[in-house]
Amino acid sequence: MEEHPQRLFDNEEQQLLEEILIHRRDVRGNHFMNTPIPQEAIDRIIQAALAAPSVGFSQPWEFVLVRDQKTKQAVKETFSEETEKAALQFADEKQREYIKLKLEGIMESPLNIAVFYKPKEGPVLGQTSMPNMGKYSVVCAIQNMWLMARSLNIGMGWVSILDPEKVKKVLKAPEENQLIGYLCFGYTDMFYNQPELELRKWDRKKLQKEVIIEERY
């Protein structure tokens, strides 16, 4: 087997990655612009997804690119239904804050991408004891997409207030496929310097010392 020299990264490159990680944001509909995304940029985002780690090199992902407004509207309808249900789970002031939030950009973003987990037949290396590892692999692909989009100055919003089965029906997805993420992509008029929900004081950012446990609980 031919050997290739390993790629090492210098301090400047490490800092750049850190900057991209720190400045990744969940972009919502009130900040998307209708500027078309070049195909080259879309390809780079998809290629970033394909570079993600996957358990047993299973690559259990499929991507549905959605641009049609009628299809988006059908997905938006399930978002609206689920939003009404979700609001009822919050009480008093939190419920009022929830209703004010703009939580998606399905119609406003020029490109939606539905990301599915496609299970393999038979056992998968590394997934026999923890069956959800395949789905976690798809989440890794989504994170790669998010970071690549941010490096291209393209916003991404992950819409999770949806009925996954209704979205599957809209997109005519195979029965065995499972929706993992419904993503909105588009150029944006601004990237917040902090997460929007942190700025709105929905919750506070946890400190490192609050989440690190040495050796065992």
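Not measured: the values here are computed from a predicted model. Residue numbers here run from 1 along each chain, matching the order of that chain's written sequence. The model is predicted, so local features are restricted to residues of pLDDT at least 70 and side-chain atom pairs to those at 80 or more, both for listing and for counting; the totals for chains, interfaces and linings are taken over all residues. Derived side-chain values reflect all non-hydrogen atoms in the structure, with water molecules and hydrogen atoms excluded from consideration.

### What about helix H5 (residues 133–151)?
Okay, so step 1: Starting at the N terminus, helices and strands are each numbered in turn, a helix being any DSSP run of H or I of at least four residues and a strand any DSSP run of E of at least two. In a helix, the anticipated span is given by 1.5 Å times the number of residues less one. With 19 residues, H5 should cover 27 Å at 1.5 Å per step; its first-to-last C-alpha distance of 27 Å lies within 8% of that length.
Okay, so step 2: Think of it in three bands: with a 1.4 Å probe and only protein chains considered, a residue is buried below 20% of the maximum accessible area for its type, exposed above 50%, and partly exposed in between. All buried positions along H5 are accounted for by Gly134, Ser137, Val138, Ala141, Ile142, Met145, Trp146, Leu147, Ala149 and Arg150.
Okay, so step 3: Whether two residues touch is decided by their heavy atoms; if any such pair falls within 4.5 Å, the residues are in contact. Where H5 is buried, its residues meet helix H1 (11–22), helix H2 (39–50), strand E1 (61–66), strand E2 (111–117), strand E3 (155–159) and strand E4 (178–186).
Okay, so step 4: Looking one or two places after H5, you find Asn153, whose phi comes out positive at around 60°.

### Notes on the nonpolar core
Okay, so step 1: The definition of a nonpolar core used throughout is a set of buried Ala, Val, Leu, Ile, Met, Phe, Trp, Tyr and Cys residues joined through side-chain atoms within 4.5 Å. Judged by nonpolar contacts, the single largest core of 24 residues is most densely connected at Met145, Ile154 and Phe185.
Okay, so step 2: For this core, the secondary-structure elements that each account for two or more residues are H2, E2, H5 and E4.
Okay, so step 3: Examining the composition of this core, we find that 6 residues originate from one element, H5, more than from any other.
Okay, so step 4: Excluding residues within four positions of it along the chain, Phe185 makes contact with Phe32, Ile37, Ile45, Ser109, Pro110, Leu111, Ile113, Met145, Ala149, Ile154, Gly155 and Met156.
Okay, so step 5: Counting 19 residues, the second largest nonpolar core, distinct from the first, contains Phe32, Val75, Leu103 and Leu179.

### Quick look at the packing of aromatic side chains
Okay, so step 1: Aromatic contacts are taken between Phe, Tyr and Trp rings whose centres are within 6.5 Å, Trp giving its six-membered ring; a plane angle under 30 degrees counts as stacked, one over 60 as edge-to-face, and the others as tilted. Tallied over the full model, the rule gives 2 aromatic pairs.
Okay, so step 2: An angle of 70° between the planes, with centres 5.5 Å apart, marks the rings of Phe90 and Trp202 as edge-to-face. Separated by 112 residues along the polypeptide, Phe90 in the loop between helix H3 (69–87) and helix H4 (92–100) and Trp202 in the loop between helix H7 (196–199) and helix H8 (208–211) bring together distant segments of the chain.
Okay, so step 3: By the criterion adopted, a ring carries a charge over it if an Arg CZ or a Lys NZ lies within 6 Å of its centre and within 35 degrees of its normal. Residue placement shows Arg24 over the ring face of Trp146; its charged tip is 4.4 Å from the ring centre.
Okay, so step 4: The positively charged end of Arg150 is found above the aromatic ring belonging to Phe191, 3.7 Å away from the centroid.

### Re the pattern of salt bridges
Okay, so step 1: Salt bridges are defined as contacts in which a side-chain nitrogen from Lys or Arg sits within 4 Å of a carboxyl oxygen from Asp or Glu. Across all of its chains, the model carries 9 salt bridges by this definition.
Okay, so step 2: A salt bridge links Glu104 to Lys76, with the shortest nitrogen-to-oxygen separation between them at 3.5 Å. Taken together, the residues Glu104 in the loop between H4 and E2 and Lys76 in helix H3 connect sequence positions 28 residues apart. Both residues of the pair, Glu104 and Lys76, count as buried.
Okay, so step 3: Linked by salt bridges that have partners in common, Asp26, Arg28, Glu196 and Arg200 make up one network.

### Notes on empty space enclosed by the protein
Okay, so step 1: Here a cavity denotes a set of grid points, spaced 1 Å apart and computed over the protein atoms alone, in which a 1.4 Å probe fits but from which it cannot get out, and a pocket denotes an open set meeting protein on both sides within 12 Å along at least five of seven lines; residues with an atom within 4 Å of a point are reported as lining. Grid points are joined across faces, edges and corners, and a volume is the space filled by probe spheres set on the points. Per the counting criterion, the structure on display carries 1 cavity of 30 Å³ or more.
Okay, so step 2: In this structure, the largest cavity occupies an estimated 50 Å³ of space.
Okay, so step 3: Every residue lining the largest cavity is listed: Arg25, Asp26, Val27, Arg28, His31, Thr188, Met190, Phe191, Tyr192 and Glu196.
Okay, so step 4: When residues are grouped by polarity, Ala, Val, Leu, Ile, Met, Phe, Trp, Tyr, Cys and Pro land in nonpolar, Asp, Glu, Lys and Arg in charged, and all others, Gly among them, in polar. A class-by-class count of the residues in the lining of the largest cavity yields 4 nonpolar, 2 polar and 4 charged.

### What about the side chain of Ser137?
Okay, so step 1: In this fold, Ser137 is placed in helix H5.
Okay, so step 2: On the accessibility criterion, Ser137 (4% relative accessible area) is buried.
Okay, so step 3: If we skip the residues at most four places from it in the chain, Ser137 touches Pro53, Ser54, Val55, Pro60 and Trp61.

Purely geometric numbers; function is a separate question.
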